[in-house]
Amino acid sequence: MSNPVLVCALRGINAYEVLAGALKGLTQCRERLSTSENLPQVVMALTPEVTFRQAILFFTEADFVTVTLQEYTYHSFQSLCFSFSVGESWTCRAESLYTYLHTGAQVLCTVLLIKPGVWSQNLARVLRNLHLEKFTVVGMKHTNLEPAIALGLLPSEVKQDPAALDAHCTYLTSGTALVLCLQRPNAVKKLMDLLGPEDPKLAQALDPCLWRAQYGTNTVHNGFYGSKSYQMAVWDMKLFFPEGLCFAECQMLEEEEV
């Protein structure tokens, strides 16, 4: 009780999972060091409900601030507020975190690329499934992928295997692909959950209803590419839809300069 503490309210993609991972690393670091008493002791809220109850103990709505995502690195949280026991203040644009917590998941965008040979035969069925999953299509275009763009869509493990890299790039540039920009709450994670693993055989073993299980035949011809994170979704939207999207701009996209 005699020492000051730092209380932080943090916002980020998969915030609980990411913060828990960071704290686990801190604990492991403490165990390896003999001077563990010099490292900070840290606790975190584990659920949104606990977060809300604890936040109202320390902060008022006027305390919270927002900053744009560009001001942070890929792996950092977007910080809402820092409260220092030494009495320092940080003036910035106010935001109602409590309204944000009550609102629930924000409407986001993600990108789905239907690979050559798949969309021409299954487009109606894919669009129906997207509708059933509450996605809204806000961008659509045919594209013949350049080799450099195809390379950017591939997982890092594929790039390390020359034979696999050549097979993927050859297939992706072999015909016309269809690119969709999709919108809904929690869009990025929802789409990843629907697609399933990159390997259709693994997807089939996990759940035959996964899209790669239904439309894919192997790791090269697996039917779809989907943005794996919000940051990748922003990059994909800039890449495939530089002319803009057919919906009213939201604050998050303005901050990312899409």
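The structure contained in this document is the topic of the report that follows. Only a predicted model underlies this, so the values are computations on that prediction, with no experimental measurement involved.

### Points about the overall build of the protein
Right, so step 1: If you tally the helices and strands in the protein, you get twelve helices and six strands.
Right, so step 2: Within the protein, the fraction of its 258 residues that count as buried is 35%.
Right, so step 3: In the protein, of all internal contacts separated by at least 6 residues, the share reaching a separation of at least 24 is 72%.
Right, so step 4: When the accessible surface of the protein is split by element, carbon and sulfur atoms take 57% of a total near 15,200 Å².

### Details of helix α7 (residues 162-172)
Right, so step 1: When we look at burial in α7, the residues that qualify are His-168, Cys-169, Tyr-171 and Leu-172. What you see down the axis of α7 is that its buried residues fit within an arc of 165°, all on one side. Those residues of α7 that are exposed and aimed more than 90 degrees away from the buried face are Pro-162, Ala-163 and Asp-166.
Right, so step 2: You can read the cap of α7 off the contacts: a side-chain oxygen lies 3.1 Å from the backbone nitrogen of Ala-163, and it is on Asp-161.

### Section: the sheet that holds strand β5 (residues 177-185)
Right, so step 1: On the basis of which strands lie adjacent, the open sheet formed by four strands has the order β4-β5-β3-β6 and antiparallel pairing. The sheet terminates laterally at β4 (136-143) and β6 (224-226), the two strands that pair on one side only. On average, each strand axis in the sheet is inclined to that of its neighbour by 20°, with strand direction left out of account.
Right, so step 2: In terms of strand pairing, strand β3 (residues 107-114) meets β6 through three bridges, oriented antiparallel. Bridge pairing links Ile-114 to Phe-224 in β6.
Right, so step 3: The strands touched by helix α4 (residues 119-132) are β3, β4, β5 and β6; relative to β5, the strand with the most contacts, the crossing angle is about 5°.
Right, so step 4: Docked against the sheet, helix α8 (residues 187-195) engages β3, β5 and β6, running at close to 35° with respect to β3.

### With respect to the environment of Leu-112
Right, so step 1: Here Leu-112 shows up in strand β3.
Right, so step 2: Of the residues examined, Leu-112 reaches a relative accessible area of 0% and is grouped as buried.
Right, so step 3: Taking the C-alpha atoms as reference, Leu-112 lies 9.7 Å from Val-188; in sequence the two are 76 residues apart.
Right, so step 4: Beyond its immediate sequence surroundings of up to four residues, Leu-112 is in contact with Leu-130, Leu-178, Val-179, Leu-180, Leu-182, Leu-191, Leu-195, Trp-211, Phe-224 and Tyr-225.

### Some thoughts on the packing of aromatic side chains
Right, so step 1: All chains considered together, the criterion is met by two aromatic pairs.
Right, so step 2: Relative to Phe-224, the ring of Trp-211 lies with its centre 5.8 Å away and its plane at 50°, an arrangement referred to as tilted. Of the two residues, Trp-211 sits in helix α10 (residues 211-215) while Phe-224 sits in strand β6, which places them 13 residues apart along the sequence.
Right, so step 3: Residues Tyr-215 and Phe-224 carry aromatic rings whose centres are separated by 5.5 Å and whose planes lie at 85° to one another, so their mutual orientation is edge-to-face. The residues Tyr-215 and Phe-224 share a single accessibility class, namely buried.
Right, so step 4: Taken together through their ring pairs, the aromatic side chains of Trp-211, Tyr-215 and Phe-224 make up a single cluster.
Right, so step 5: For the cation-ring pair, Arg-184 lies above Phe-135, with the distance from its terminal atom to the ring centre recorded as 5.5 Å.

About the thresholds
- Residues numbered from 1 in each chain as written.
- Predicted model: local features only at pLDDT ≥ 70, side-chain atom pairs only at ≥ 80, totals over all residues.
- Heavy atoms only, no water.
- Helix = DSSP H or I, 4+ residues; strand = E, 2+ residues; numbered from the N terminus.
- Buried < 20%, exposed > 50% of the residue type's maximum accessible area, 1.4 Å probe, protein only.
- Contact = heavy atoms within 4.5 Å.
- Areas by Shrake-Rupley, 256 points an atom, 1.4 Å probe, with all protein chains shown as cover.
- Arc of directions from axis to C-beta.
- Polar contact = N/O pair within 3.5 Å; in protein donor to acceptor, adjacent residues only side chain to side chain.
- Pairing = 2+ DSSP bridges.
- Axes fitted to C-alpha atoms, helices over the stretch in contact; angles between N-to-C directions.
- Phe/Tyr/Trp six-rings, centres within 6.5 Å; stacked < 30°, edge-to-face > 60°.
- Lys NZ or Arg CZ within 6 Å of the ring centre and 35° of its normal.

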